[in-house]
Amino acid sequence: MLNRVECRCPTGFIGKNCEKRYDHVDRDQPLQFDGLTYLSYPNEVTRKQKGQQRNSLKVMFRTSDPDGILLLQRGGDSAIDDYLSLAISNGFVEFSYNLGKQDPGNLHIIRSKERVNDDDWHEIYVERYQRKGSLKVDGGQEVVGDSLEGTKQLDTDGLLWIGGHMSLPWYLPTTKNFVGCIDTVEVNGVHLHLLDDKYGRSSSIAFCTL
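Residues numbered from 1 in each chain as written. Predicted model: local features only at pLDDT ≥ 70, side-chain atom pairs only at ≥ 80, totals over all residues. Heavy atoms only, no water.

Engineer: Help me understand the overall build of the protein chain in this model?
Structural biologist: The number of helices and strands found in the protein chain is zero helices and 17 strands. Per-residue burial over the protein chain gives 49% buried out of 210 residues. Taking the contacts inside the protein chain whose residues are at least 6 apart along the sequence as the reference set, 70% of them involve residues at least 24 apart. With an accessible surface of roughly 10,500 Å², the protein chain has 47% of that area assigned to carbon and sulfur atoms. (Helix = DSSP H or I, 4+ residues; strand = E, 2+ residues; numbered from the N terminus. Buried < 20%, exposed > 50% of the residue type's maximum accessible area, 1.4 Å probe, protein only. Contact = heavy atoms within 4.5 Å. Areas by Shrake-Rupley, 256 points an atom, 1.4 Å probe, with all protein chains shown as cover.)

Put into structure tokens, the structure is as follows:
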């Protein structure tokens, strides 16, 4: 079997032939994620915070895929370590986190009641305060749940990944990168600009066709 070859544009360029600089186009357009696109940011937009008592995240997206990670914070190479994940699983939204007390057979997961893989735009709002988490889709009914008693702080490397990661932690509930479009992201009530706030070198950029 031949090895699959992926052609990626250099950082800062987009287009079929990598002929456009993304600083010469509308930078507020939704971004396209193809399963190989993953972008990193400081997990509090302007700074990295390795220990967090609270997380508040809002994202607007669309997808037709049943599975894919939208947002991820990680503390190590396994879900045994601290992590926080917002993902699509079997078409439903899945909010999951480990503060150090869960094991792979008993991960803390909050799931939506609504399917979202219909290629329409959806808005998710999730919040965690210590062990308590909540999830709301399109302003609908809130779903809540508490992780196991013990630690109350999320300890990670201070980065927020959007679209997945080149090396996802073992045992995550969802282990597939996101395919679809992401429009807006808010972190603790602060707007995160998908291009201007990007941290370091990530994968190449493409915009969505509305």
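Engineer: Explain a negative patch on the surface to me, please; I cannot follow it from the model alone.
Structural biologist: Taken together, the side chains of Asp118, Asp119, Asp120, Glu123 and Asp138 make up a negatively charged region of the molecular surface. Tracing the backbone shows Asp138 in the loop between β12 (132–137) and β13 (143–146). (Patch = residues over 30% accessible without salt bridge, like charges linked within 9 Å, V, L, I, M, F, W, Y side chains within 5 Å. Salt bridge = Lys/Arg side-chain N within 4 Å of Asp/Glu carboxyl O. Lys, Arg positive; Asp, Glu negative; His and termini not counted. Charge placed at Lys NZ, Arg CZ, Asp CG, Glu CD.)

Engineer: Just checking my understanding: could you explain unusual backbone geometry for this structure?
Structural biologist: For residues besides glycine, phi is generally negative; the peptide bonds are generally trans as well. Residue Gln130 is not a glycine yet carries a positive backbone phi of 55 degrees. Here Gln130 shows up in the loop between β11 (122–129) and β12. A positive phi is found at Tyr171, a non-glycine position, where the angle reads about 75 degrees. The residue Tyr171 is located in the loop between β15 (159–162) and β16 (179–187) in this model.

Engineer: I'm lost on the pairing of strand β7 (residues 68–74) in this one. Help?
Structural biologist: With seven of seven residues buried, β7 lies mostly within the body of the structure. Strand direction decides the pairing type here: β7 and strand β8 (residues 83–89), joined by six bridges, are antiparallel. What sits directly across from Gln73, in β8, is Leu84. Inspection of the sheet shows β7 paired to β15 by two bridges, in the antiparallel sense. (Pairing = 2+ DSSP bridges.)

Engineer: Explain empty space enclosed by the protein to me, please; I cannot follow it from the model alone.
Structural biologist: Over the atoms rolls a probe the size of a water molecule, and its path tells where empty space is left. This structure, assessed with the given rule, holds one cavity of 30 Å³ or more. Around the largest cavity, the lining residues are Asn98, Leu99, Gly100, Lys101, Gln102, Ser147, Leu148 and Thr151. Residues belonging to the lining of the largest cavity are distributed by class as follows: two nonpolar, five polar and one charged. (1 Å grid on protein atoms, 1.4 Å probe; cavity = no way out; pocket = protein on both sides within 12 Å on 5 of 7 lines; lining within 4 Å. Points joined across faces, edges and corners; volume = space filled by probe spheres on them. Nonpolar A, V, L, I, M, F, W, Y, C, P; charged D, E, K, R; others polar.)

Engineer: What is the right way to look at the nonpolar core in this model?
Structural biologist: Side chains that are nonpolar tend, in soluble globular proteins, to be buried together. Ranked by internal contacts, the top residues of the largest apolar core, which has 36 residues, are Leu70, Leu86, Ile124, Ile162, Ile182 and Leu192. Among the nonpolar cores identified, the runner-up in size contains 11 residues, and Leu72, Ala79, Leu159 and Trp161 belong to it. (Core = buried A, V, L, I, M, F, W, Y, C linked by side-chain atoms within 4.5 Å.)

Engineer: Whenever I open this one, the side chain of Ser78 confuses me. Can you help?
Structural biologist: Counting through the fold element by element, Ser78 comes out in the loop between β7 and β8. For Ser78, a relative accessible area of 13% corresponds to the buried category. Ignoring any residue separated from it by four or fewer positions in sequence, one finds Ser78 in contact with Pro169, Trp170 and Tyr171.

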